[in-house]
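# Reading the structure
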Amino acid sequence: MNTEGLFDNHGRPINYLRLAVTDRCNLRCFYCMPEEGIKYLPKKLLLSFEEIERLVTLMAQMGITKIRLTGGEPFVRTDLMDLIRKIITIPGIQDLHLTTNGILTAPHIPELKALGITSVNLSLDTLDRERFQTITRRDEFEATWKSLELLQQHDIPVKINTVVMEGKNIEDLHALVDLTRHKNISVRFIEEMPFNGGDTHYQKLNWTYHRILSHIKEKYPELIKVQDPANSTAYHYQVPGFAGTVGIIAAFSRTFCGTCNRIRVTAQGTLKTCLYDEGVLDVKKLLRGNFSNEEIKIELMKAFQQRPKDGFEAENKRMVTSANESMSTIGG
Ligand code: SAM
Ligand code: SF4
């Protein structure tokens with residue numbers, strides 16, 4: 001096991017891997033992908049579970065301790081639980097998290113609890129069934145809500161992810177804050193990012209971190225700032241007396257790059273050392289080529305030593321605009 005830790009060229013620790021296990025999804029959230037004409041990756045271009053297990057094992061040996069499985073919708077890979085059972089036993093992996101839209105999640109919640117999942121991020125942009133359908137283009141609010149209730153019943157820590165969108169869910173923000181009154185959950189409002197698979201609706205960021213905060217304070221002027229966990233991308237707040245917390249993630253404004261501890265592997269098996277880069281290493285090619293574990297680790301380390309200092313530097317180096325990428329391949 002690695003005891004010294006892994007650092008990038010700016011001295012930032014890297015210990016967190018976010019891995020998109022698929023680009024497929026059972027929703028069509030309009031900020032993430034177009035309604036039609038999505039070109040999913042052929043299945044053979046997705047990493048197999050054996051490849052993922054090998055990659056996570058190598059990264060754990062290098063210093064990665066925390067994994068988040070995401071997608072697309074991770075449970076669209078119907079045997080996802082097989083992967084979770086394997087990853088949770090890899091030496092060095094201390095925390096396993098999931099990001100899911102909750103639609104296929106409920107039946108697996110008892111086993112996730114039994115396996116010791118660290119937390120689940122549930123994406124929920126509205127508490128209104130019709131608005132849910134408008135945003136996700138599917139009528140599945142009840143399934144997501146059921147998963148939230150079951151996660152709570154099983155005492156699994158839950159964070160709700162809400163993308164804040166002009167004209168779509170602003171009327172929900174206060175109600176979502178109110179969810180934290182009795183539920184010990186963290187509701188996190190996310191600035192919308194321009195990763196929507198080429199859909200053209202994104203013009204400019206209307207709901208910045210500051211505007212979201214002001215809006216919440218209109219109803220909850222007593223809101224207080226609370227301590228942010230180490231390396232958190234969210235600024236945390238709480239309404240005094242409420243059970244849960246409220247977070248705001250300045251994903252577009254990129255205020256958190258100085259403490260960024262995360263890397264990503266996309267659904268097509270490409271390493272991103274910054275959310276805003278174009279992909280810096282074809283990990284799938286290495287895993288499928290005739291490379292030893294040590295050779296793969298050397299290539300990974302080279303990439304970790306060329307990390308951009310922030311999301312603006314990464315974006316400036318891009319050859320194509322980020323809007324052509326979908327969050328469903330990046331994983332959020
Ligand atoms: N399908 C799962 C889900 O929705 O939770 C996991 C993958 S999804 C791409 C991960 C997260 O990215 C979700 O919380 C989603 O709201 C967020 N996301 C997707 N597109 C986004 C965008 N354009 N801007 C900000 N967040 C986005
Ligand atoms: Fe699917 Fe998640 Fe993207 Fe929505 S945000 S379309 S649930 S991958």
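In what follows, the structure referred to is the one given above.
The notes below deal with the structure included here. The structure displayed is predicted, hence computed values, not measured ones. (Residues numbered from 1 in each chain as written. Chains lettered and ligands numbered in written order. Predicted model: local features only at pLDDT ≥ 70, side-chain atom pairs only at ≥ 80, totals over all residues. Heavy atoms only, no water.)

Looking now at the overall build of the protein. When helices and strands are counted, the protein shows eleven helices and twelve strands. Its C-alpha radius of gyration of 19 Å places the protein within 12% of the 20 Å reference for a compact globule of 332 residues. Overall, the protein is about 60 × 45 × 45 Å in size when its C-alpha atoms are taken along their principal axes. For the protein, the proportion of its 332 residues judged to be buried stands at 54%. (Helix = DSSP H or I, 4+ residues; strand = E, 2+ residues; numbered from the N terminus. Rg over C-alpha atoms; globule rule 2.2 N^0.38 Å. Buried < 20%, exposed > 50% of the residue type's maximum accessible area, 1.4 Å probe, protein only.)

Looking now at the nonpolar core. The biggest cluster of nonpolar side chains holds 99 residues, and the ones touching the most others in it are Leu69, Ile87, Phe189, Leu271 and Leu300. Considering each element in turn, this core owes the most residues, eight residues, to helix α1 (residues 49-62). Not counting chain neighbours up to four residues away, the residues in contact with Ile87 comprise Ile52, Val56, Ile67, Leu69, Ile93 and Leu96. (Core = buried A, V, L, I, M, F, W, Y, C linked by side-chain atoms within 4.5 Å. Contact = heavy atoms within 4.5 Å.)

By the criterion of burial, strand β6 (residues 186-191) is predominantly enclosed, with six of the six residues buried. Burial of the side chains of β6 extends over both faces: Ser186, Arg188 and Ile190 are buried on one face and Val187, Phe189 and Glu191 on the other. Bridge count for strand β5 (residues 158-164) against β6 is six bridges, and the pairing is parallel. If you follow Val164 over to β6, its bridge partner there is Glu191. Since β5 and β6 lie parallel, the crossover through helix α6 (residues 173-178) that links them has a hand, and here it is right-handed. (Pairing = 2+ DSSP bridges. Right-handed = clockwise from strand over helix to strand, strands pointing away.)

Moving on: the sheet that holds β6. Spatially, twelve strands are ordered β7-β8-β9-β6-β5-β4-β3-β2-β1-β10-β11-β12 in an open sheet, and the strand pairing comes out mixed. Both edges of this open sheet fall to β7 (224-225) and β12 (281-282), since each of them pairs with a single strand only. With two bridges joining them, strand β11 (residues 270-272) and β12 adopt antiparallel strand pairing. Bridge pairing in β12 links Thr270 to Asp282.

We now examine the site of ligand 1. Near ligand 1, the surroundings consist of 20 residues, among which Tyr31, Gly72, Ser123, Asn161 and Met193 are the closest. Tyr31 places a polar main-chain atom, nitrogen or oxygen, 2.9 Å from a nitrogen atom of ligand 1. Between ligand 1 and Gly72 there is a distance of 3.0 Å, counted from a nitrogen atom to a backbone nitrogen or oxygen. Relative to its unbound accessible surface of 540 Å², ligand 1 loses 95% to contact with the protein. Put simply, the parts of the chain that give the shell around ligand 1 at least two residues each are β3 (95-100), β5 and β6. The class makeup of the residues in the shell around ligand 1 is seven nonpolar, ten polar and three charged. (Near = heavy atom within 4 Å. Polar contact = N/O pair within 3.5 Å; in protein donor to acceptor, adjacent residues only side chain to side chain. Areas by Shrake-Rupley, 256 points an atom, 1.4 Å probe, with all protein chains shown as cover. Nonpolar A, V, L, I, M, F, W, Y, C, P; charged D, E, K, R; others polar.)

On to the site of ligand 2, then. Around ligand 2 lies a shell formed by Cys25, Leu27, Cys29, Tyr31, Cys32, Met33, Gly72, Asn101 and Ser328. Looking at side-chain class alone, the shell around ligand 2 contains six nonpolar, three polar and no charged residues.

With that settled, consider the packing of α1 against helix α2 (residues 80-87). Between α1 and α2, the shortest axis-to-axis distance is 10 Å and the interhelical angle comes to 25°. It follows from the interaxial angle that α1 and α2 lie roughly parallel. Taken as a pair, α1 and α2 cross one another with a handedness that is right-handed. Counted together, Phe49, Glu50, Ile52, Glu53 and Val56 of α1 and Leu80, Leu83, Lys86 and Ile87 of α2 form the full contact between these two elements. Classifying every residue of the contact of α1 with α2 gives six nonpolar, no polar and three charged. (Axes fitted to C-alpha atoms, helices over the stretch in contact; angles between N-to-C directions. Parallel < 35°, antiparallel > 145°, perpendicular 65-115°, else oblique. Left-handed = near helix turned anticlockwise from the far one by under 90°.)

Further remarks concern helix α4 (residues 129-136). Of all the residues in α4, the buried ones are Phe132, Ile135 and Thr136. All buried residues of α4 lie within an arc of 80° about the axis, which places them on one face of the element. Summarising the contacts, the buried residues of α4 are in contact with α5 (141-153). Its side-chain oxygen placed 3.1 Å from the backbone nitrogen of Glu130, Asp128 serves as the N-cap of α4. Positive phi shows up at Arg137, right after α4, with a value of about 60°. (Arc of directions from axis to C-beta.)

This paragraph deals with the packing of aromatic side chains. One pass over the structure, following the stated rule, counts six aromatic pairs. Their ring planes at 75° and their centres at 5.9 Å tell us that Phe132 and Phe141 sit as a pair that is edge-to-face. By relative accessible area, Phe132 is classed as buried at 3%. With a centroid separation of 6.0 Å and an interplanar angle of 20°, the aromatic rings of Phe141 and Trp145 are classed as stacked. Placement of both Phe141 and Trp145 in helix α5 is noted, with a separation of four residues, approximately one turn of the helix. Overall, the relative accessible area of 9% leaves Phe141 in the buried class. Under the relative-accessibility criterion, Trp145 is labelled partly exposed at 21%. Connected via pairs of aromatic rings, a cluster forms that spans Phe132, Phe141 and Trp145. Sitting above the plane of the Phe30 ring, Lys168 keeps its charged end 4.6 Å from the centroid. A cation over an aromatic ring shows up here: Lys225 above the ring of Tyr237, its NZ or CZ 5.3 Å from the ring centre. (Phe/Tyr/Trp six-rings, centres within 6.5 Å; stacked < 30°, edge-to-face > 60°. Lys NZ or Arg CZ within 6 Å of the ring centre and 35° of its normal.)

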